[in-house]
Amino acid sequence: MTAIVVLGDLLVCALLLLASIGVIGTEPTTRAEETAAWQSAGQLYFGWLVVGAASFAVLRMPKALLAHVSTMLLSPIALFVLLLLLASGLD
């Protein structure tokens, strides 16, 4: 079960990132649209984190809860580090 939770969370994080930069859906063309896209992605991210954590806590699934929270908190950090490494390698 925890593997499914981790894979689902990684998929959601990747989709939200792609949606926030305009790869999925409409590409933001103005600064206001870009800000709105990032805010929407952030709200969906935190909603997914909170609802998932509450659901796993209510269902008494501690391993899935730990996997969900750790994946949701560590995946943005890992993506940021990966983007920094890619950007520094392109120079």
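Owing to the predicted nature of the structure, the values given are computational and were not obtained by experimental measurement. (Residues numbered from 1 in each chain as written. Predicted model: local features only at pLDDT ≥ 70, side-chain atom pairs only at ≥ 80, totals over all residues. Heavy atoms only, no water.)

1. Concerning the overall build of the protein chain
Regarding its fold elements, the protein chain presents three helices and zero strands. Counting from the amino terminus, the protein chain carries its helices and strands in the arrangement α-α-α. If you line up the protein chain on its principal axes, its C-alpha atoms span 45 × 30 × 15 Å. Evaluated residue by residue, the protein chain yields a buried proportion of 23% over its 91 residues. Split by element, the accessible area of the protein chain, about 6,500 Å² in all, is 76% carbon and sulfur. (Helix = DSSP H or I, 4+ residues; strand = E, 2+ residues; numbered from the N terminus. Buried < 20%, exposed > 50% of the residue type's maximum accessible area, 1.4 Å probe, protein only. Areas by Shrake-Rupley, 256 points an atom, 1.4 Å probe, with all protein chains shown as cover.)

2. Looking at the side chain of Thr-71
With respect to the helices and strands, the residue Thr-71 is situated in helix α3 (residues 62–90). Dropping the residues within four chain positions of it, Thr-71 is found in contact with Val-6, Asp-9, Leu-10 and Pro-76. (Contact = heavy atoms within 4.5 Å.)

3. Some details on the nonpolar core
Within the largest apolar cluster, seven residues are counted, these being Val-12, Cys-13, Leu-16, Ala-41, Tyr-45, Leu-49 and Met-72. Elements supplying a minimum of two residues to this core: α1 (2–21) and α2 (31–58). Contacts of Met-72, omitting those with residues within four sequence positions, involve Asp-9, Cys-13, Tyr-45, Trp-48 and Leu-49. (Core = buried A, V, L, I, M, F, W, Y, C linked by side-chain atoms within 4.5 Å.)

4. Considering the packing of aromatic side chains
This model, assessed by the stated rule, comprises one aromatic pair. Plain terms: the ring middles of Tyr-45 and Phe-46 are 5.1 Å apart, the flat faces sit at 80° to each other, and that makes the pair edge-to-face. (Phe/Tyr/Trp six-rings, centres within 6.5 Å; stacked < 30°, edge-to-face > 60°.)

5. Observations concerning the confidence of the model for the protein chain
When pLDDT is averaged along the protein chain, the result is 90, and 98% of the positions lie at 70 or above. Across the protein chain, α2 holds the top mean pLDDT of 93, while α3 sits lowest at 89. (pLDDT = per-residue confidence, 0-100.)

6. Observations concerning α1
A rise of 1.5 Å per residue sets the reference length of α1, with its 20 residues, at 28 Å; its end C-alpha atoms lie 29 Å apart and thus fit the reference within 8%. The complete set of buried residues in α1 reads Val-5, Asp-9, Val-12, Cys-13, Leu-16 and Ser-20. The arc that holds every buried residue of α1, seen down its axis, measures 100°, which confines them to one face. Looking at α1, the residues exposed on the side facing more than 90 degrees away from the buried face are Ile-4, Leu-7 and Leu-11. (Expected span 1.5 Å × (residues − 1). Arc of directions from axis to C-beta.)

7. Details of a nonpolar patch on the surface
The grouping of Leu-11, Leu-15, Leu-18, Ile-21, Val-23, Ile-24 and Trp-38 at the surface amounts to a nonpolar patch, some 630 Å² of accessible area in total. Here the nonpolar patch gets four residues from one element, more than from any other, and that element is α1. Its place among the elements puts Leu-15 in helix α1. (Patch = residues over 30% accessible without salt bridge, like charges linked within 9 Å, V, L, I, M, F, W, Y side chains within 5 Å. Salt bridge = Lys/Arg side-chain N within 4 Å of Asp/Glu carboxyl O.)

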